[in-house]
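Chain by chain, the residues:
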Amino acid sequence: MIKRIAVFCGSSSGNNEKYGLQTAKLGEMLAQNNLELVYGGTHIGLMGAVADGALRGGGKVTGVITRFLQSKEIAHSGLTEQIVVETMHQRKAEMNALADAFIALPGGFGTLEELFEVLTWAQLGFHQKPVALFNIDGFYDSLYTLLCCMVEKGFLKKENQQLLLLHHNMETLISQLSDYRPIPAVDKWITRK
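Summarised in this report is the structure supplied together with it. (Residues numbered from 1 in each chain as written. Predicted model: local features only at pLDDT ≥ 70, side-chain atom pairs only at ≥ 80, totals over all residues. Heavy atoms only, no water.)

Description of the pairing of strand β5 (residues 101–104)
So, point 1. Of the two faces of β5, both are covered, the one formed by Ala-101 and Ile-103 as well as the one formed by Phe-102 and Ala-104.
So, point 2. The sheet contact formed by strand β1 (residues 4–8) and β5 spans four bridges and is parallel. Its bridge partner being in β5, Ala-6 is matched across the sheet by Phe-102.
So, point 3. Relative to strand β6 (residues 131–134), β5 runs parallel, the two sharing three bridges. Within the sheet, the bridge partner assigned to Phe-102 lies in β6 and is Val-131.
So, point 4. You can see the chain leave β5, run along helix α5 (residues 109–123) and come back into β6, and the turn it takes is right-handed. (Buried < 20%, exposed > 50% of the residue type's maximum accessible area, 1.4 Å probe, protein only. Helix = DSSP H or I, 4+ residues; strand = E, 2+ residues; numbered from the N terminus. Pairing = 2+ DSSP bridges. Right-handed = clockwise from strand over helix to strand, strands pointing away.)

Below, the structure written as structure tokens:
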């Protein structure tokens, strides 16, 4: 049963107003569905938008931030709980421990790094939690094409590609997470020599 969802997203807002609007609505929807938000703990960019949306909706929000980022005065001051850790590795490990599911929204290197780490953990069988992309305004279309190319070129098994849920509609995405049933584990390695 999903109670907490970790959201990975940009500390910037991007240049499309739909990103911020849809991100804030997602936060509100999580709260309306009694789903707690776990995220990176800042008040800026899409990270701030998802937290503010969830708080506006009356939801519980846990931020996980490094001491370094806290010192930059970008920590959100209105959260239900703010957890301060020393390293980025500890931050990701704490978010993984707290969350029952993961959603990646538009973002940059950090967002992709967080997404691919939890996907890799799922592929290796370290967890069976659902991982999803909220594909706002087609932001992740090119990434999905790349994943299809990885399957086609023999670097990724189709079954492991299917570990990643993707949708542009937040209601459908939340339903996919709620209805998720782990697929039987398959060996990560395509060939062994």
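Let's talk about the side chain of Thr-111
So, point 1. Among the secondary structure elements, Thr-111 is positioned in helix α5.
So, point 2. With a relative accessible area of 3%, Thr-111 lands in the buried category.
So, point 3. When near neighbours in sequence (up to four residues on either side) are disregarded, Thr-111 contacts Phe-8, Cys-9, Gly-10, Ala-104, Leu-105, Pro-106 and Tyr-140. (Contact = heavy atoms within 4.5 Å.)

Looking at the sheet that holds β5
So, point 1. Sheet architecture is open: seven strands sit in the order β4-β3-β2-β1-β5-β6-β7, paired in parallel fashion. Strands at the two margins of the open sheet, each flanked by one partner only, are β4 (81–85) and β7 (164–167). Here the average twist between neighbouring strands, direction ignored, is 25°.
So, point 2. Relative to strand β3 (residues 61–66), strand β2 (residues 36–39) runs parallel, the two sharing three bridges. Across the sheet, Leu-37 pairs through a bridge with Val-61, a residue of β3.
So, point 3. Across the sheet, helix α2 (residues 45–56) touches β1, β2 and β3, and the angle it forms with β2 is around 160°.
So, point 4. Running over the sheet, helix α8 (residues 170–179) touches β1, β5, β6 and β7 and is turned about 160° from β7. (Axes fitted to C-alpha atoms, helices over the stretch in contact; angles between N-to-C directions.)

A closer look at the state of the cysteines
So, point 1. Inspection of the entire model under this criterion finds zero disulfides.
So, point 2. We note that Cys-148 lacks a disulfide partner, and the nearest cysteine sulfur, in Cys-149, lies 8.8 Å from it.
So, point 3. On the basis of relative accessible area, Cys-149 is assigned to the partly exposed category, the value being 31%. (Disulfide = S-S within 2.5 Å.)

Brief notes about the packing of helix α1 (residues 17–32) against α8
So, point 1. Taken N-terminus to C-terminus, the directions of α1 and α8 make an angle of 45°; their axes are 11 Å apart at the nearest point. By the criterion of interaxial angle, the relationship of α1 to α8 is oblique. Considering the relative orientation of α1 and α8, their crossing is right-handed. Only Met-170, Glu-171 and Ile-174 of α8 make contact with α1, whose side of the interface consists of Gln-22, Lys-25, Leu-26, Met-29 and Leu-30.
So, point 2. Here the contact of α1 with α8 is built from residues that sort into five nonpolar, one polar and two charged. (Parallel < 35°, antiparallel > 145°, perpendicular 65-115°, else oblique. Left-handed = near helix turned anticlockwise from the far one by under 90°. Nonpolar A, V, L, I, M, F, W, Y, C, P; charged D, E, K, R; others polar.)

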